[in-house]
Amino acid sequence: AILQGEETEEEAVERFRYLISTGTAGRVRITNYKKDKTKFLHECELRPIRDIDGNLTHFAAIQRSV
């Protein structure tokens, strides 16, 4: 998968999947990799965006280096 590598935490990947599949807000700390294979640790906060009828349409994501 894009950005993932040897030290990417499987628990963090599963947490992302859970948040997206359930449409809930949450925060995940994960080790990812740049194109040049340099690893970096960051925290990503996901927030669901819903339309006027309450249907999930998008997610907003805020990424912070840690």
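For the structure itself, consult the block above.
Quick notes on the rules
Residues numbered from 1 in each chain as written. Predicted model: local features only at pLDDT ≥ 70, side-chain atom pairs only at ≥ 80, totals over all residues. Heavy atoms only, no water. Helix = DSSP H or I, 4+ residues; strand = E, 2+ residues; numbered from the N terminus. Expected span 1.5 Å × (residues − 1). Buried < 20%, exposed > 50% of the residue type's maximum accessible area, 1.4 Å probe, protein only. Arc of directions from axis to C-beta. Pairing = 2+ DSSP bridges. Axes fitted to C-alpha atoms, helices over the stretch in contact; angles between N-to-C directions. Contact = heavy atoms within 4.5 Å. Salt bridge = Lys/Arg side-chain N within 4 Å of Asp/Glu carboxyl O.

Draft legend 1. Highlighting helix α1 (residues 10–22). The end-to-end C-alpha distance of α1, which contains 13 residues, comes to 18 Å, matching closely the 18 Å that a straight helix rising 1.5 Å per residue would cover. Of all the residues in α1, the buried ones are Ala12, Val13, Phe16 and Leu19. An end-on view of α1 places all buried positions within 125 degrees of arc, on one side of the element. What points out from α1, more than 90 degrees from its buried face, is the exposed set Glu11 and Ser21. Gly23 occupies a position one or two residues after α1 and carries a positive phi of about 65 degrees.

Draft legend 2. Up close: the sheet that holds strand β1 (residues 26–33). The antiparallel open sheet is built from three strands, whose spatial order is β1-β2-β3. The sheet is open, and its two edges are formed by β1 and β3 (56–65), each paired on a single side. Geometrically, the sheet is characterised by an average inter-axis angle of 35 degrees between neighbouring strands, direction not taken into account. Where strand β2 (residues 39–50) and β3 come together, nine bridges link them in antiparallel fashion. Within β3, the position partnered with Glu43 by the bridge is Arg64. Across the sheet, α1 touches β1, β2 and β3, and the angle it forms with β1 is around 135 degrees.

Draft legend 3. Spotlight on the pattern of salt bridges. Using the criterion set out here, one finds nine salt bridges in the structure. The residue Arg29 makes a salt bridge to Glu43 at a minimum N-O spacing of 3.8 Å. Residue Arg29 is located in strand β1, and its partner Glu43 is located in strand β2; the two are separated by 14 residues in the primary sequence. When its relative accessible area of 15% is taken as the criterion, Glu43 is described as buried.

In short, geometric facts, not functional conclusions.
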